[in-house]
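# Coordinates in review
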Amino acid sequence: DTQSTSTLLVALYFYQCEYVTLINVTVTNSSGMGVLMYDTTGENSISHSIFSYNVAQYLKIPGGGGFSIEFTYTAPMDGSSPSSLQRNTGSMYEFVNCTFSGNAYVAENVSTVPKLIIIPYEYNHDACGKGGGLALFFKGNASGNNVSLSNCTFENNRAIWGGGLHAEFHDA
């Protein structure tokens, strides 16, 4: 059994945090993702914020270009069992007056993408190329979580799937 790791380039990274509030935040021109929230729970509020020109390069980092939220099947840092992530339920993400603009999840070689598609289940998950502006991944026993978008703008975002927004739910 071998484990592989990949480089993760992200401007703002939240891991197992609770009740995150971002107000009037601008994340722009990151060489990877703008914001990544792994297993972040509670009531999370993102308002009057701009996520622009964050470009994630395929095969170098997972997830969306602008903003990515992921409830993992197992905790990414310690490989704990799915049952240990019972806390991944009942969370709220509220986006109000946010702009997702010019973010991209681009492939270095688009012709290789079909060979790399993984049908998502349990540990098998490939976020690559999904969600240029906003990417949402709910896996394992994540349930009862809500995402609300109000008066948000998605413009000129690019990805293989869901240039503006990609939402994926499995094994829940």
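Here the structure is shown first, and the text comes after it.
Keep in mind the model is a prediction, meaning the values are calculated, not measured. (Residues numbered from 1 in each chain as written. Predicted model: local features only at pLDDT ≥ 70, side-chain atom pairs only at ≥ 80, totals over all residues. Heavy atoms only, no water.)

## Observations regarding the environment of asparagine 44
Structurally, the position occupied by asparagine 44 is in strand S5 (residues 43–47). Residues asparagine 44 and glutamate 18 lie 26 residues apart in sequence; the distance between their C-alpha atoms is 7.5 Å. Beyond its immediate sequence surroundings of up to four residues, asparagine 44 is in contact with Glu18, Tyr19, Val20, Met92, Tyr93 and Glu94. Only 3.1 Å separates the side chain of asparagine 44 from the backbone oxygen of glycine 42, close enough to count as a polar contact. (Helix = DSSP H or I, 4+ residues; strand = E, 2+ residues; numbered from the N terminus. Contact = heavy atoms within 4.5 Å. Polar contact = N/O pair within 3.5 Å; in protein donor to acceptor, adjacent residues only side chain to side chain.)

## Digging into the sheet that holds strand S4 (residues 33–38)
On the basis of which strands lie adjacent, the open sheet formed by 5 strands has the order S1-S4-S8-S12-S15 and parallel pairing. If you trace the sheet from one side to the other, it starts and ends with strand S1 (10–15) and strand S15 (165–169), each paired once. Here the strands of the sheet are splayed against their neighbours by 5° on average, with no regard to which way each runs. Bridge count between S1 and S4: 5 bridges; the pairing is parallel. Counted as the bridge partner of leucine 12 is valine 35 from S4. (Pairing = 2+ DSSP bridges. Axes fitted to C-alpha atoms, helices over the stretch in contact; angles between N-to-C directions.)

## Considering the sheet that holds strand S13 (residues 146–150)
What links the strands of a sheet is backbone hydrogen bonding, and the strands pair in either a parallel or an antiparallel sense. Reading across the sheet, the 4 strands line up as S2-S5-S9-S13 and stay open at both edges, with parallel pairing between neighbours. Strand pairing shows two members of the sheet lacking a second neighbour, strand S2 (21–23) and S13, which therefore form its edges. Neighbour-to-neighbour, the strand axes of the sheet open up by a mean angle of 10°, direction not taken into account. Summarising the sheet, strand S9 (residues 92–96) and S13 pair through 5 bridges and their orientation is parallel. By the bridge assignment for S13, glutamate 94 is matched with serine 148.

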